[in-house]
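Residue-level structural notes
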Amino acid sequence: VQLQASGGGLVQPGGSLRLSCAASGSKFKINAMGWYRQAPGKQRELVAIITSGGSTNYADSVKGRFTISRDNAKNTVYVQMNTLKSEDTAVYYCYVKARWGPHEYDYWGQGTQVTVSS
């Protein structure tokens, strides 16, 4: 499974960004898709995740501001980030849990930088 993320950049506080991540490959079934982030000097943390059935889970720090969604036909996951704060500055990593036969594997995208600054 290859993951291609896009949509990062520089935005002012209070602004919005939308990240996208497309998964490609064959002979796999995607289960969960999501986003993690890692700020300088901090551990990688969950931002939001969505199951194949559409159930979602968010970090408390982004609830009410971020919305995760997915297009199963395109194997693509999105996160709409609104009311961005300086503390949202981080490298954002796309994440996919995919099944090959009886086994599940975790896959990570290359990371996309989000900088919230005036």
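Placed above this text is the structure.
Residues numbered from 1 in each chain as written. Predicted model: local features only at pLDDT ≥ 70, side-chain atom pairs only at ≥ 80, totals over all residues. Heavy atoms only, no water.

1. Remarks on the packing of aromatic side chains
Operational definition: Working definition: a ring pair exists when centres of Phe, Tyr or Trp rings (six-membered ring for Trp) sit within 6.5 Å. Plane angles under 30 degrees give stacked, over 60 give edge-to-face, the rest tilted. A run of H or I in DSSP counts as a helix once it spans at least four residues, and a run of E counts as a strand once it spans at least two, with each numbered from the N terminus. Relative accessibility decides the category of a residue: with a 1.4 Å probe and only protein chains considered, values under 20% of the type maximum give buried, values over 50% give exposed, and everything between is partly exposed. Lysine NZ or arginine CZ positioned within 6 Å of the ring centre and within 35 degrees of the ring normal marks a charge as sitting over the ring.
Enumeration according to the criterion identifies three aromatic pairs in this entry. Summarising the aromatic geometry, the rings of Tyr36 and Tyr95 are spaced 5.6 Å apart at their centres and angled 70 degrees between planes, so their arrangement reads as edge-to-face. Placement of Tyr36 in strand 4 (residues 29-38) and of Tyr95 in strand 9 (residues 90-100) is noted, with a sequence separation of 59 residues between them. You'll find Tyr36 and Tyr95 in the same group, each marked buried. Taken together, the aromatic side chains of Tyr36, Tyr95 and Trp108 make up a single cluster linked through ring pairs. Looking at Arg18, its charged tip hangs above the ring of Tyr78, at a distance of 4.1 Å from the centre. Just above the ring of Trp108 sits the side chain of Arg44; from NZ or CZ to the centre is 4.7 Å.

2. Quick look at unusual backbone geometry
Positive phi, close to 50 degrees, is recorded for Asn75, a residue that is not glycine. Classification of Asn75 by relative accessible area gives partly exposed; the value is 26%. Backbone geometry at Thr83 places phi at a positive 50 degrees, although glycine is not the residue there. Tracing the backbone shows Thr83 in the loop between strand 8 (76-81) and strand 9.

3. What about the environment of Ser69?
Rule in force here: Between two residues, a contact is recorded if the distance between any of their heavy atoms is within 4.5 Å.
Mapped onto the elements of the fold, Ser69 is located in strand 7 (residues 66-71). Assessed through its relative accessible area of 31%, Ser69 is described here as partly exposed. Taking the C-alpha atoms as reference, Ser69 lies 9.6 Å from Ala48; in sequence the two are 21 residues apart. With residues up to four places along the chain from it excluded, the contact list for Ser69 reads Ile50, Thr76, Val77 and Tyr78.

4. Brief notes about the environment of Arg70
Quick note on the threshold: Polar contact criterion, stated in full: a pair of N or O atoms within 3.5 Å, where within protein one must be able to donate a hydrogen and the other to accept it, and residues adjacent in sequence count only if both atoms are side-chain atoms.
For Arg70, the location among the structural elements is in strand 7. When the C-alpha atoms of Arg70 and Cys21 are compared, they prove to be 9.3 Å apart, with 49 residues separating the residues in sequence. Residues in contact with Arg70, not counting those within four places in the same chain, are Ile30, Asn31, Ala32, Met33, Ile50, Thr51, Ser52, Thr76, Val77 and Tyr78. Within the local environment of Arg70, its side chain forms a polar contact with the side chain of Asn72, the two groups lying 2.6 Å apart.

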